[in-house]
Amino acid sequence: MEECISVFDMLKIGVGPSSSHTLGPWRAAERFLGELRNEDLLHHAISVKVDLYGSLSLTGKGHATDLAVMLGLSGQDPETIPVHDISAIVSAIEENNEIILGNEHKIAFSVKSDIAFNKNFLPFHANGLQFTAYLDNQKKYEQTYYSIGGGFVVVEERINAKKKHEIKCAFPFPIQNAEELLNYSIREKKIISEIVYENEKSMRTEEDIHRELLRIWNTMLECMYIGCHTEGILPGGLNVRRRAFDMHQNLIGLANYDSPQEWLQCIRKTEVKFRQILKWVSCFALAVNEVNASLGRVVTAPTNGSAGVIPAVLMYYMVIENHQATEKEIKQFLMVAGEIGSIFKKGSTISAAMGGCQAEIGVSSAMAAAALCEVMGGTPEQVLMAAEIAMEHHLGLTCDPIGGLVQIPCIERNTMGAIKAINAAELAMETDAKNAKVPLDKVIDTMWQTAKDMNSKYKETSEGGLAVTVNMADC
């Protein structure tokens, strides 16, 4: 049985600012509640302690990891929770020193003493966290989880484990690397999105696929819309001013619309000058990641920290390249992007705590480049070449967030990743694939080797790079 990762595993809806440090711990808390329920222990718990390790500890405050575990233990769902309720829920836990486990069992809970930040790293992965429930019979139940990037959560495999916490399925076209994907495409005489679609149909109805892909797109669109229409200072103490609002105002001028969909149509009718193209793309990317930085709802693509690249490039296609683009092209774009992301996850990593920012912005740029190349008419060979070009020029990119916040340099990096993706797609479209010198799989291998060689200071620990050379107090 092959390991199969769905498009909907790579493109997940959740709350910012980080997929590995916010969404992952949130999902881990939900899983812990599920285990307590399965063991009939939830109502026997008298207290719960959470231990954060490694990168989750070092940058956990800036990434809202502590808030995420509280919300998860409270039974809130990151896909559906009204984001404006988050502050009130967290404040109630802090002020009352109690939490309602799974929204059904109230226990004492001190944020200061029951969430521990341990700087040591667990051996299995840089993002480790342990939940311990102390029971009324003086026993305890504990579980350790690892947030491995993109909102994925696993339990370390043990020799006598009864099952593996991996996503398993029986795709008609099981894909572990880019070469297999290309071979299927050639053999079946299908473009890449068609191969992906056949795999998705083995798990979901066509109606479900259609609905979920458009739900992802509409979440992306709404996120860009909110970001472009919200001004002010981002939370966290860096005093970062939102820039998408001013940039958007300067670009769109006087315009009338009442919804994200009307906004999109308004932009598509706007005459965009050549010099404005880069500004529009940057505006879209900034908007998403400013929403992400303020605990807004975004789509992991493949992570929250890199969530702006794919929406920005897809918007570029719709408002610059193809004003007649329909839902068909949107779904095609997202399926290709998701598949490329899954290949990177299988062959390397999408966790900045393991691979630096090449694992986030680099992968998102490769996903977007491949997707753009296909909807612009590129061959499967050119699509994979576009992904390779984009990643090749992100190799070695470090993750050094100032103050542990997903703001500097993270927000601007999304604009750079989006621009590089467009450039990579254009280069691939103008290249005969027979002349390609570097296969995508080789770049993925190189990325993983680079990740392993990279000093831990540059892997989302805020112990090196900009995080130490720039004084947060001076920002």
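Here, every reference points to the structure presented above.
Presented here is a report on the structure given in the accompanying data block. (Residues numbered from 1 in each chain as written. Predicted model: local features only at pLDDT ≥ 70, side-chain atom pairs only at ≥ 80, totals over all residues. Heavy atoms only, no water.)

## Considerations on the overall build of the protein
- Of regular secondary structure, the protein possesses 20 helices and nine strands.
- A compact globule built from 475 residues should have a C-alpha radius of gyration of about 23 Å, and the protein, at 22 Å, falls within 12% of that.
- With the principal axes as the frame, the protein shows a C-alpha extent of 70 × 55 × 45 Å.
- Scored against the burial criterion, the 475 residues of the protein give a buried share of 57%.
- Nonlocal contacts in the protein, meaning residues at least 24 apart in sequence, comprise 77% of its contacts between residues at least 6 apart. (Helix = DSSP H or I, 4+ residues; strand = E, 2+ residues; numbered from the N terminus. Rg over C-alpha atoms; globule rule 2.2 N^0.38 Å. Buried < 20%, exposed > 50% of the residue type's maximum accessible area, 1.4 Å probe, protein only. Contact = heavy atoms within 4.5 Å.)

## Details of the sheet that holds strand β7 (residues 140-149)
- Reading across from one edge, β5-β2-β6-β7-β8 is the order of the five strands in this open sheet, with mixed pairing throughout. Each end of this open sheet is capped by a strand with a single partner; those strands are β5 (115-118) and β8 (152-154). Direction aside, the axes of adjacent strands within the sheet are offset by 25 degrees on average. (Pairing = 2+ DSSP bridges. Axes fitted to C-alpha atoms, helices over the stretch in contact; angles between N-to-C directions.)

## Comments concerning the packing of helix α9 (residues 206-228) against helix α11 (residues 260-269)
- Two elements in contact, α9 and α11, have axes whose closest approach is 9 Å; the angle formed by their N-to-C orientations is 75 degrees. It follows from the interaxial angle that α9 and α11 lie roughly perpendicular. Counted together, W217, N218, L221, E222, M224, Y225 and C228 of α9 and P260, Q261, W263 and L264 of α11 form the full contact between these two elements. (Parallel < 35°, antiparallel > 145°, perpendicular 65-115°, else oblique.)

## Observations regarding the nonpolar core
- Core analysis: the largest hydrophobic core is formed by 112 residues, its most contacted members being W217, W263, M315, L334 and I340.
- Dropping the residues within four chain positions of it, L334 is found in contact with V7, L11, L213, I216, W217, M220, I310 and L314.
- One finds A28, F32, V69 and V153 within the second-largest nonpolar core, a separate group that totals 40 residues. (Core = buried A, V, L, I, M, F, W, Y, C linked by side-chain atoms within 4.5 Å.)

## As for unusual backbone geometry
- Omega for the bond connecting A301 with P302 falls within 30 degrees of zero, at 0 degrees, which places this linkage in the cis form.
- Secondary-structure assignment places P302 in the loop between β9 (297-299) and α13 (309-321).
- Residue P409 is reached from I408 by a cis peptide bond, and omega for that bond is 5 degrees.
- Of note, the phi angle at Q138 is positive, near 70 degrees, even though the residue is not glycine.
- A residue is classified by how much of its surface remains accessible, and Q138, at 80% relative accessible area, is exposed.

## Some thoughts on helix α5 (residues 86-96)
- Burial in α5 covers these residues: I86, I89, V90 and I93. One face of α5 carries all of its buried residues, which in axial projection span an arc of 95 degrees. In α5, those exposed residues whose orientation departs by more than 90 degrees from the buried face are S87, A88 and E95.
- Within two residues after α5, N97 carries a phi angle of roughly 55 degrees, on the positive side. (Arc of directions from axis to C-beta.)

## Let's talk about the pairing of β7
- Along β7, eight of the 10 residues are buried, which leaves the element largely enclosed by surrounding structure.
- Looking at chain direction, strand β6 (residues 127-135) and β7 are connected through seven bridges and run antiparallel. By the bridge assignment, A133 is partnered in β7 with Y141.
- Between β6 and β7, which pair antiparallel in sequence order, lie four residues; one of them, Q138, sits at a positive phi of approximately 70 degrees.
- Judged from the three bridges that link them, β7 and β8 form a sheet pairing that is antiparallel. Each residue of the ladder has a partner; that of S147, found in β8, is V153.
- Where β7 folds back on β8, the antiparallel hairpin that results is connected by two residues, among which G150 adopts a positive phi of roughly 70 degrees.

## Digging into the environment of N289
- Here N289 is to be found in helix α12 (residues 274-293).
- Spatially, the C-alpha atoms of N289 and G305 are 7.2 Å apart, while their sequence positions differ by 16 residues.
- For N289, the contacting residues outside a window of four places in its chain are N304, G305, S306, A307, G308, I411 and N414.
- Polar side-chain contacts of N289 include one of 3.5 Å to the backbone oxygen of N304.
- Engagement of the side chain of N289 in a polar contact is seen with the side chain of N414, the distance being 3.4 Å. (Polar contact = N/O pair within 3.5 Å; in protein donor to acceptor, adjacent residues only side chain to side chain.)

## Re the environment of S282
- Considering the arrangement of structural elements, one finds S282 in helix α12.
- Each residue touching S282, except ones within four places of it in the same chain, is listed here: M247 and T415.

## Let's talk about the side chain of H21
- Relative to the helices and strands, H21 is located in helix α2 (residues 19-38).
- Judged by its relative accessible area of 0%, H21 is buried.
- There is a polar contact of 2.8 Å between the side chain of H21 and the side chain of S20.
- When neighbours within four sequence positions are excluded, H21 is seen to be in contact with S55, L56, T59, H63, A64, T65, N127 and E460.

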